[in-house]
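Fold and geometry: a report
The chain contents come next:
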Amino acid sequence: MSWKLGSLIVGAIGVLVLAIWASGVSPAEALGTLFRGTLGSPSAISGTLRETTPLLFTGLAVFLALRAGLFNIGVEGQFLIGAMIGSAFAIRFPGPFGITFALIGGAFGGAVWAAGPGWIKAYRHGHEVITTIMLNSVALYLTSYVVSGVIKDPAQQSAPTVNLAEASRLPWLVNAPPVQVSWALPLALVSTLGLAWWLKKTISGYELQAVGANPIAASYAGIDAPRMIFFAMLGSGAIAGFAGAIQVVAFEGRFYSGFSPGYGFDALGVALLAGNQAQAVIPAALLFGVLAKGGTALQIFGIPKGITTVFLGLIILIAAAIRYRKVIGGA
Amino acid sequence: MLNLLWPTLVLATPLILAAMAGYTSERGGVINIGLEGMMLASACTAALVSVVHGAALGLLAGVGAATLLSLLHWLATQHYRIDHVISGMSINALAAGGTNFLYGKFSNPDRTGSIPHFGVPIFVGLAFGVTAALWAGTKYTAFGWRLVAVGSDPAKARLAGINPVVIRLIGLLMTGVLTGLAGVMLVSDSGVFTDNMTSGRGYIALAALILGGWRCVPACLACLGFGVLSAVRLQFQGTSALGGHIPTEAWASLPYVVTVVALAGFLGRTRTPTGLGRL
């Protein structure tokens with residue numbers, strides 16, 4: 001560890017301590033509140049796991065794109081589109097069949113939303129970061145338009161869709177209120193391990209990472225790099241859309257405008273922190289889940305929620321200073 | 001028609017200032033998606049300081065806050081060699097969280113009325129002045145040539161004896177000042193600070209810069225175009241005149257859609273600085 005990195009970490013901790021000090025609470029008390037509100041009781045733990053689940057899926061989406069050398073900042077938008085389509089299907093077709101349909105539809109919607117940026121990156125050399133940022137805003141407007149029109153609850157003046165029938169909701173794995181754990185969590189864990197296996201043990205997974213490491217070298221090795229980039233983006237979008245649909249059928253039970261509190265952006269932090277091992281997405285998502293849940297606990301304590309976002313920004317910076325450095329002369 | 005002109009200019013001004021901020025950064029090869037966060041930080045700081053110490057110090061504080069974040073971007077990308085996109089994202093996160101924290105902690109909720117500020121016309125004039133100055137600066141000054149050289153091919157610029165790190169420092173200082181002005185303009189126009197009040201203007205400015213092919217005057221025109229769009233939307237929303245029946249969401253999405261189409265290379269050749277994101 002160099003002195004540069006050391007000073008960055010010291011600086012980051014300094015900013016946080018300063019912020020907590022400025023809010024007139026002792027750091028020990030703040031940490032205690034954070035701990036009690038996230039891991040201190042069974043109901044707190046179940047709340048943290050609930051926050052972790054979407055972060056795990058969206059983190060996985062960003063991670064997959066990152067392995068192919070792509071920054072999918074558009075996970076937020078793909079998540080929204082997936083949630084919108086998922087809720088529309090789940091409302092239209094009740095029951096287990098509807099759930100399946102909603103999940104497939106959500107994944108499809110997310111993939112479609114990512115297809116444009118993927119194609120532009122692969123074949124027209126337009127930067128995927130800019131296109132996905134732009135499409136995030138479009139997704140936000142589109143979903144808020146659709147939810148206030150076509151799929152809104154007819155009994156309501158505005159905003160949300162109807163609540164899903166109990167039969168159209170993903171069942172609970174553990175249901176002993178206040179402790180509730182959805183089947184979505186094991187599903188997310190299995191998906192993570194599945195992706196880890198795919199990247200490590202299959203030819204296509206290897207090819208994807210080869211393109212991510214060096215697209216020119218991969219092309220010389222006979223890999224169709226643009227095609228790989230396009231499909232990596234599709235896959236990333238599909239996972240993000242799937243996450244949105246899961247969020248509807250497992251937790252929210254409806255869709256509304258402003259559905260995502262920024263999972264797509266937190267996911268970027270999750271994936272960067274995870275580095276190059278898919279399994280590492282699990283602890284990273286848990287950390288961000290703790291932060292998301294802890295922000296609410298701190299707010300009750302009188303510390304504005306924004307401090308957890310500051311923490312997130314600092315984590316991203318430090319993780320990137322360790323892992324995502326550039327070498328002079330590199331691309 | 002005249003009742004559209006002034007709203008257009010007012011709506012376009014923060015966009016122009018932010019787009020020019022993006023210009024000094026991206027022309028030097030530093031990808032900057034942190035414009036949004038820098039504007040937000042400036043708006044919040046200016047609002048907090050103006051209330052206590054008046055408009056002039058508020059302006060200075062706003063510009064200072066944005067410059068600080070801009071320097072952080074320089075440090076992260078040039079010294080720590082962090083990927084420019086990651087650094088920009090984390091700056092946006094720092095600003096979004098930091099302003100929420102600071103404003104929640106230090107603003108006086110009982111206070112009513114507008115915060116002290118300078119007149120909006122000053123900012124409007126400034127925006128066009130800055131555009132002209134940057135255009136001339138790029139064309140006629142040694143620093144302008146160096147900035148473009150560094151942004152086009154940092155390795156060759158280095159061989160020619162130009163230190164990209166220093167040139168980018170100056171470029172990013174300008175970025176900080178300009179995003180600072182854009183943020184102060186936002187609070188001056190609305191008279192209050194609200195959480196996440198930039199609401200994507202930094203990204204729209206970036207879109208304008210891209211649409212303008214990373215050139216000052218076309219980028220400024222693109223901002224004016226987006227300004228007209230918003231002004232028309234605000235004016236005719238819900239009426240039957242001039243596309244009032246088109247959903248507002250569609251109007252609001254238009255700048256983003258146009259930018260994506262432009263990036264796909266369907267609107268003329270791409271003019272992306274070739275050294276963008278390189279060291």
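The structure reproduced in this document is the subject of the present report. (Residues numbered from 1 in each chain as written. Chains lettered and ligands numbered in written order. Predicted model: local features only at pLDDT ≥ 70, side-chain atom pairs only at ≥ 80, totals over all residues.)

1. A closer look at the overall build of chain A
Test applied: Segments assigned H or I by DSSP are reported as helices when at least four residues long, segments assigned E as strands when at least two residues long, and all are numbered from the N terminus. Atoms considered for the radius of gyration are the C-alpha atoms alone. The globule rule reads 2.2 Å times the number of residues to the power 0.38.
Broken down by element type, chain A carries 13 helices and two strands. Over its C-alpha trace chain A gives a radius of gyration of 20 Å, about what one expects of a compact globule, namely 20 Å for 331 residues. Counting only C-alpha atoms, chain A reaches 60 × 50 × 35 Å along its principal axes.

2. Focus on helix 7 (residues 184–201) of chain A
Residue and element names in this part refer to chain A. Definition in use: Under the convention used throughout, the expected extent of a helix is 1.5 Å for every residue step, that is, one less than its residue count. Counting other C-beta atoms within 10 Å of each residue's C-beta, where C-beta atoms are placed from the backbone, gives the exposure class: buried for 20 or more, exposed for 12 or fewer, partly exposed between. Here the arc refers to the set of directions running from the helix axis out to each C-beta atom.
Across its 18 residues, helix 7 extends 25 Å between first and last C-alpha, which sits within 8% of the 26 Å expected from 1.5 Å per residue. Every buried residue of helix 7 is accounted for by Ala184, Ala188, Thr192 and Leu195. Buried residues along helix 7 cover an arc of 90° about the axis, so they all sit on one side. Opposite the buried face of helix 7, by more than 90 degrees, sit the exposed residues Pro186, Val190, Gly194, Lys200 and Lys201.

3. Focus: the environment of Leu187 of chain A
With respect to the helices, strands and loops of the structure, Leu187 of chain A is situated in helix 7. Residue class for Leu187 of chain A comes out partly exposed when judged on the 19 C-beta atoms lying within 10 Å of it.

4. Side note on the interface of chain B and chain A
Selection criterion: Residues are defined as contacting one another if the C-beta atoms placed from their backbone atoms lie within 7 Å.
Taken residue by residue, the interface counts 38 residues in chain B and 43 residues in chain A. Those elements that place two or more of their residues in the side of chain B that touches chain A are helix 4 (84–106), helix 9 (201–211) and helix 11 (248–263) of chain B. Here the element with the most residues in the side of chain B that touches chain A is helix 4 of chain B; it accounts for 14 residues.

5. With respect to unusual backbone geometry
Positive phi values are uncommon outside glycine, yet Arg81 of chain B reaches one of about 55°. Within the fold, Arg81 of chain B resides in the loop between helix 3 (55–79) and helix 4.

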